[in-house]
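# Examining the three-dimensional arrangement
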There are 2 protein chains.
Amino acid sequence: MSQLRIGLAQFNPTTGALDKNMSRILEQTRSACAQGAHLVAFGRLAMTGVGTANLSERLSFRTAARDVITQLAERLVADGMGGATVVVGGIGSDETGAVVDRVFVLHQGAVVTSLDTPLKGSSAAQVPAPAAVSFEVQGKRIVLSTSISNGQGASSDVPTADLLLIVDAAAYVEGRPTANQAATARSAAAAQMPLAYVNLVGGQDALVLSGGSHLTSATGSPVARAGFFEEELQVLDLPAQDTRPGPSQGVSPALDRNAELYAAIVVGLRDYVTKNGFRSVVLGLSGGIDSALLAVLAADALGGKSVVGVSMPSAYSSEHSKVDAADLAERIGANLVVHPIESMVDVFTDALDLQGVAEENLQARVRGLILMGLSNSHGHLVLAPGNKSELAVGYSTIYGDAVGGYAPLKDVFKSRVWELARWRNNYALDEGLIPPIPESSITKPPSAELRPGQVDQDSLPPYEILDAILAGYVEDNHGRGELLTQGFAAEIIDQVITLVDRAEWKRQQYPMGPKLTRVAFGEDRIMPITNGWRETAPHSNDNQPHQGAEHDAP
Amino acid sequence: MSQLRIGLAQFNPTTGALDKNMSRILEQTRSACAQGAHLVAFGRLAMTGVGTANLSERLSFRTAARDVITQLAERLVADGMGGATVVVGGIGSDETGAVVDRVFVLHQGAVVTSLDTPLKGSSAAQVPAPAAVSFEVQGKRIVLSTSISNGQGASSDVPTADLLLIVDAAAYVEGRPTANQAATARSAAAAQMPLAYVNLVGGQDALVLSGGSHLTSATGSPVARAGFFEEELQVLDLPAQDTRPGPSQGVSPALDRNAELYAAIVVGLRDYVTKNGFRSVVLGLSGGIDSALLAVLAADALGGKSVVGVSMPSAYSSEHSKVDAADLAERIGANLVVHPIESMVDVFTDALDLQGVAEENLQARVRGLILMGLSNSHGHLVLAPGNKSELAVGYSTIYGDAVGGYAPLKDVFKSRVWELARWRNNYALDEGLIPPIPESSITKPPSAELRPGQVDQDSLPPYEILDAILAGYVEDNHGRGELLTQGFAAEIIDQVITLVDRAEWKRQQYPMGPKLTRVAFGEDRIMPITNGWRETAPHSNDNQPHQGAEHDAP
């Protein structure tokens, strides 16, 4: 009995592109077989991609998704790879006709076994599925599961075997890659079996898949790990099933928290742009921290030449905002265009007599209109610069700075924006390169510059306090009482949660962006817009308008 | 044993406003008791309102929602109504701690029994709930259920009783009120029991509740029915449990299909405006059919004085478009303001050199900017005029005509827009009033008027064909093959479904509007934006950009 060799194919599918995905799966299988693999495993939903939503319920797509598995099995035989066992995720229909996430085990042109999991976002009944199935390769018994938590129960639920194989398609959340690896190590040690974990990678709309596929010895120690956020095929030998730590077969380094988050945003942005057929992006450059970090992320994702930064100074723009925008563009090799907005703003204010917040929003909307005009003329994707703190409290102008097809920072709190900016500059320094973000963009007080001398803290608490309250109110869904217990001042709590509640209508129209935290707006937190509930004044919640007449603040 | 008298309280709650809802529930119970009711029934979720989404998972809200039921029970006793049995919907927690939709039966200050149903949109496990519970009032046995389908199984599943009581909170869908009444008639006849059905009423974000609460005799014939789309308290005597049709106690007339749909839109719009604290709405008046119907709907919902129509002619606007806008405003008593856009458009085209589609979108966006400026200055809610056909094919300018807080027509196909307009004018004629919509707005060829001589059919198939294809592709999720079988031309199918697929990103940013059909955008149909699946070219779906560089068409 020869040693079992395994290919862990960390794959970046394009959702819906069945034929393209099939061709690339075939290609990676060929490469793994050429390296002697007997078993090649892809993640869940590798054939269809994640996030198919209602597409997975259309008969034409379901039929094609079924047929493409048959085609793959046939092609494997025709191309001389019928002897390899290929584990690949797709979709299927259960006995009720509902769509399910199905992992197929292919061998010699046939489906040897398969494993169903309820498909997230489908209307399928949540039928309990078997936790695992098993099959043999090269005389070794493989137990296949689709979730780490199933693996955790391995010691009691799972029959003794030679390898526990977990195929996954888990949406990225900060810290999850590390937690996943710890969980699989525990599972392997508990089951006293080697464990292979294979995950998808890449961006798909609001989801980012992190990769980090790995092989763990029967003692729970790492034998091999692929990189994060990039495609990689690892071909590995099954470690001995005893208590010796197996020899390392190449363990990619773990990422620190900023490197991990930064890389997640970059891959989400790159895949949104390229998978949707764009070649360039456009964004406003205000000289502020959000647009600066966004431009650097875009340059890292696509190259500076594919980034168009637009400086749109108004009568209220400071000299440094123009200088910082130009400095940034030069550092990252982006294209800079300058469109002063004063004449455009004036023609509206003259005709409409707009003042106060209305005039502030007007400036932001004139800028949005310029960006969309450039997008329509030149085919750039517009990136929206809003961060999670701004989205939370509605500190953004709908149809103004909120325009865009994709919003890379929408799930990043403002305090984390600064942290990422500093991390990115230090990373450059460590590499002996010029830090991409002008220091003054990081250190100056944040300002929308929509009226003379305006700074964000005129109307918001300091961001470190704001973000701490938002973590409680938004991510933990804590009420006012729990926030008071955490020691925040009542007036600040009331200010913040009132702003958050009033901004729901704007959030529901905000562009898509990558989910990065446990509770992302749009993906995980939907509140009623029409909402009579008042945390701030329990039991007198009857008479106050909620959304209010003031539709938005700058 | 005296005759049982029942109060069916068709109630319009405000979501989240627990205290306000409690006070009004108490008030309606008082009124029913004053009319001799022994049993007063409100719909499911009457205390919390529908669509609480993630709010229902917040501990502060869950606690308050539990406490308010206790308070109601205590207030009933304190106010001398403890002897009445009150059936009222709210939320509760099941044994796993998950939030559930719970109907409480209150009597003498205590919860006599309750009935749980999984809460739509919560993350609660879908635990199977009992189909029905029963309790006694005045020596009569009442079987309580929360769904008509539970009621349908009454003859076999439900114990023999004196009354089958179904409490509901069903989202309106065209034709459902009629179907519901037919279903309850069948249930009553099958169970040989009188049946009372009580539903909520009113608008809540994208949901409309239709009312239509009714009492059916043991033979299935209608004894009483409340009106549709308005609050009403009916106090009724339990019909005899025999095969005689009971005497009518007031059956409101059924609505024809146009009257029903029109009323649903009006109540959704009125409740969105008033529950969110607005006093007026603003919309662009182009002289076209969509904005004309929208303005009339708004005037019917709020009164013409609360409607601001803005005529924003460009260099390409026809004379009749200005005349028709003014004529409409006069017919409905709306305020008309005129803001020509030529000077505003020119300042952008001069600075940016925008042409073609970019310039067409610019005009729409200048108009959007004007409407948002008026909203910010005067506190009007902006209404977006888009219909379902336009949303489907992306025939709308994002951040242009798509701006707004609420979009009353977004789930109405264009061909139905005309039908509703004609119906509304005929209704006025039947009442001896002036038809509100100028005839030429109905009869002229639809045009966005963004370039000289432009009409919609330059770039779209005739609407009757477009809408028929959309019914198949969007509502039935049919693929290309099924559409071909239905007899549509291949080129037209391919054109339409390509447009629909490419517009997903714009739909996901479109304002909220009422769900009126089985499959409403935003509520029931979400597709991946990044989507490699091509109905139009099966099995060669790999290389074409999907979203494409052209971000939007006018």
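Along each chain, residue indices are assigned from 1 in the same order as the chain's sequence is written. Ligands are numbered from 1 and chains lettered from A, in the order in which they are written. Given that the model is predicted, a residue must reach a pLDDT of at least 70 before its local features are reported, and side-chain atom pairs must reach 80 or more before they are shown or counted; all residues, however, enter totals for whole chains, interfaces and linings. Hydrogens and waters are ignored; side-chain quantities use all the structure's heavy atoms.

## Section: the pairing of strand β5 (residues 110–118) of chain B
Residue and element names in this part refer to chain B. When DSSP finds two or more bridges between a pair of strands, those strands are recorded as paired. The secondary structure listing takes helices from DSSP runs of H or I that are at least 4 residues long and strands from runs of E that are at least 2 residues long, numbered from the N terminus. Where strand β4 (residues 99–107) lies against β5, eight bridges are found, and the strand directions are antiparallel. Paired with L106 across the bridge in β5 is V111. Linking β4 back to β5 in an antiparallel pair, the connection comprises two residues, with Q108 at a positive phi of about 50°.

## A word on the relation of the copies chain A and chain B
Each copy of the sequence occupies a distinct position, and chain A is placed on chain B by a rotation of 180° and an axial shift of 0.0 Å, giving an RMSD of 0.0 Å. Expressed as an axis order, the relation between the two copies is that of a two-fold axis. Judged by C-alpha distance, Q509 of chain A is the residue of chain A that lies nearest the rotation axis, at 2.2 Å. To superpose the copies, least squares is applied to the C-alpha atoms of every residue with a pLDDT of at least 70 in both.

## Notes on the interface of chain A and chain B
Accessible area lost when the parts come together is the quantity often used to give the size of an interface. Residues are treated as being in contact if the distance between any of their heavy atoms lies within 4.5 Å. Across the contact, 89 residues belong to chain A and 89 residues belong to chain B. Buried surface area refers to the total accessible area, computed with a probe of radius 1.4 Å, that the two partners give up upon joining, counted for both partners together. Taken together, both faces of the contact between chain A and chain B bury some 7,200 Å²; the carbon and sulfur share is 58%. Among the residues of chain A in contact with chain B, R58, T530 and W533 of chain A are the three that bury the most area, contributing 11% of the side total. For this analysis, a salt bridge means a side-chain nitrogen from Lys or Arg found within 4 Å of a carboxyl oxygen belonging to Asp or Glu. Counting across the chain A and chain B interface gives two salt bridges. Across the pair E535 of chain B and R58 of chain A runs a salt bridge whose closest N-O atoms are separated by 3.0 Å. Among the elements that take part in the side of chain A that touches chain B, helix α10 (residues 356–378) of chain A stands out by supplying 13 residues, more than any other.

## Section: the pairing of strand β3 (residues 85–93) of chain A
Moving residue by residue along a regular strand, the side chains alternate between the two faces of the sheet. Residue and element names in this part refer to chain A. Burial classes follow relative accessibility: with a 1.4 Å probe on protein chains only, a residue under 20% of its type's maximum area counts as buried, one over 50% as exposed, and anything between as partly exposed. The buried fraction of β3 amounts to eight of the nine residues, a majority that puts the element mostly inside the structure. Direction of pairing for strand β2 (residues 39–42) relative to β3: parallel, over a ladder of three bridges. Directly across from L39, in β3, lies its bridge partner T85. Sheet topology places β3 next to strand β4 (residues 99–107); eight bridges connect them, and they run antiparallel. Across the sheet, residue G89 finds its bridge partner in β4, namely V103. Where β3 folds back onto β4 in an antiparallel hairpin, the turn is made up of five residues, including G97, whose phi is positive at roughly 90°.

## Here's the deal with the packing of aromatic side chains
Note on aromatic contacts: the rings of Phe and Tyr and the six-membered ring of Trp form a pair at centre separations within 6.5 Å, being stacked when their planes are under 30 degrees apart, edge-to-face when over 60 apart, and tilted otherwise. Inspection of the entire model under this criterion finds 16 aromatic pairs over all chains. Relative to F42 of chain B, the ring of F11 of chain B has its centre 5.8 Å away and its plane inclined at 90°; by these criteria the two rings are edge-to-face. With F11 of chain B in the loop between β1 (5–10) and α1 (18–34) and F42 of chain B in the loop between β2 (39–41) and α2 (59–78), the pair connects residues that are 31 residues apart, well separated along the chain. Classification of F11 of chain B by relative accessible area gives buried; the value is 0%. One aromatic cluster is present, formed by Y262, W423 and Y427 of chain A through successive ring pairs. The rule for a charge over a ring is simple: NZ of Lys or CZ of Arg within 6 Å of the ring centre, and within 35 degrees of the ring normal. Here the basic side chain of K388 of chain A rests over the ring of F521 of chain A, its NZ or CZ set 6.0 Å away from the ring centre. The ring of W418 of chain A carries the charged tip of K414 of chain A above its face, separated from the ring centre by 5.3 Å.

## What to know about the sheet that holds strand β16 (residues 307–311) of chain B
Residues and elements named next belong to chain B. One open sheet accounts for four strands, arranged β17-β16-β15-β18; its pairing is parallel. Where the open sheet ends on each side, the last strands, each with one partner, are β17 (335–338) and β18 (381–382). With four bridges joining them, β16 and β17 adopt parallel strand pairing. The residue of β17 that forms the bridge with V310 is V337.

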